[in-house]
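Reading the structure
This is what each chain is made of:
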Amino acid sequence: MYDYCVIGGGIVGVATAREILRRHPDASLLLLEKAGSLGFHQTGHNSGVIHSGIYYEPGSLKAELSRRGAEATKAFAAEHNILFDVRGKLLVATNPVEHARMVALYERSKVNGLDVEVIDRAELIRREPAVTGTGALFVPTTGIVDYRRITDVLADSVRAAGGEIKLGVEVVGITESTDGVAIDSLEESWSATQLVVCAGLQADRMARLAGIAVDFQIIPFRGEYYELPEHRSKLVHHLIYPIPDPDLPFLGVHLSPTADGKLTVGPNAVLGLAREKYRKFGFDGRDVWEYLRFRGFYSVARANMRTGMGEMRDSLSKRGYLARCRKYCPELTRGDLLPREAGIRAQAVLRDGTLVHDFMIERTPRSVHVLNAPSPAATSALPIAEMIADKLGQPRRS
Ligand SMILES: Cc1cc2nc3c(=O)[nH]c(=O)nc-3n(C[C@H](O)[C@H](O)[C@H](O)COP(=O)(O)OP(=O)(O)OC[C@H]3O[C@@H](n4cnc5c(N)ncnc54)[C@H](O)[C@@H]3O)c2cc1C
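Residues numbered from 1 in each chain as written. Predicted model: local features only at pLDDT ≥ 70, side-chain atom pairs only at ≥ 80, totals over all residues. Heavy atoms only, no water.

As recorded in an unreviewed UniProt entry, the chain goes by the name L-2-hydroxyglutarate oxidase, listed as coming from Antrihabitans stalagmiti. Turning to the chain, the UniProt annotation filed under Sequence similarities (unreviewed entry) states: "Belongs to the L2HGDH family." Taken from UniProt, the Cofactor (unreviewed entry) comment for the chain reads in full: "FAD". (UniProt positions renumbered as here; feature names shortened; annotations may be inferred.)

This is the structure:
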């Protein structure tokens, strides 16, 4: 019987395991991950941005935890000699509609307590000669890091504190009783006094497996990237983002330097045909069948038909994709877009078609389930872990 079991070796699960052992150094803890390495899914397939929290609804968990998470991530990376770079981000408006949205975003950033600067066209060109727009917001605190590396270092401290991490173990059964929780894979079984589930793209299935009556479905959205050739990797210095459409959950195709010196373009947001298959047209019958049977999917599809078709068209045609980036970086050419592996986002959708924007965490007597941890959950993982640890009880022996 372990004191704690954590399912999911993404950044949220590993950060939670570390936080539990920091608070309860004598506790026994087991972390189970079905992939062969940690951070294999969303944590290892993202933009690597340390978000400052400008976009999020004031008062939401995202607004609070991304602000705290950005600070905590930078401090953790500095303490453990993990490469990170706080270059700042420019959110570029290219037409009057975007300009009006930019002003609204500026107001929101002030409510969220962030230090953001509005700059005009001339100043934008001075700071980024390859970028064009009617103006921009400058967010100085945005940074870049490799979240897989952060996860590996977090895992080192879990192991150093006596936690066990088992890779290649898929949990297929969870049974909660008054004394604890039984956890089964096809080959082995374990029991723990308390369980935490941080299963990312499988969050809804794991909750159902544990007998929680959830009213949402994870719908996979691919985020496809390109990478610029090496000689173009210094084309911009800052992260360059479009002004997002406030009705959509995704931030738009952006130019992002990576911690290892590359410059990437992306991600778009295309309906996925599989939760965990990364190549284009990767298909999983169960994943697709489950969302086709889900009423909320049709409401989302109807409400976002035009945007969705546009995303699909530009996913199939490099020309369309390029046009999105050329809006704010006109000198990009087709030849600049080299292939790079896509990521797949877990987007929780409610039965009535509402896209769940905020983090969602549910508690049962002996478990905590992270049901929705979309972007910026990598940035926010350290304070999310604290929040989860607050919800857990003491270990048996202390
Ligand atoms: C394209 C894209 C770009 C993004 N950009 C950013 C960004 O720039 N900044 C940012 O902060 N966030 C970003 N995000 C979001 C961020 O990556 C995620 O919010 C974060 O990684 C979620 O971490 P997680 O641990 O919850 O999920 P994951 O990293 O998906 O981990 C869940 C783990 O659970 C495991 N698991 C599932 N089921 C089982 C089972 N039955 N048994 C055992 N293990 C199981 C999976 O194998 C997986 O490893 C982006 C996401 C995507 C997809």
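After presenting the structure, the write-up continues.
**Describing the packing of aromatic side chains**
Inspection of every chain in the model, using the stated rule, returns five aromatic pairs. With centroids separated by 4.8 Å and ring planes inclined at 40°, the aromatic side chains of Tyr291 and Phe297 adopt a geometry described as tilted. A relative accessible area of 2% means that Tyr291 is categorised as buried. Judged by its relative accessible area of 10%, Phe297 falls in the buried class. Among the aromatic residues, those joined into a cluster by ring pairs are Tyr291, Phe297 and Tyr298. In this structure, Lys89 packs its charged tip against the face of Tyr241, placed 4.0 Å from the ring centre. The cationic tip of Arg127 hangs over the ring face of Phe138; the distance from NZ or CZ to the ring centre is 4.9 Å. (Phe/Tyr/Trp six-rings, centres within 6.5 Å; stacked < 30°, edge-to-face > 60°. Buried < 20%, exposed > 50% of the residue type's maximum accessible area, 1.4 Å probe, protein only. Lys NZ or Arg CZ within 6 Å of the ring centre and 35° of its normal.)

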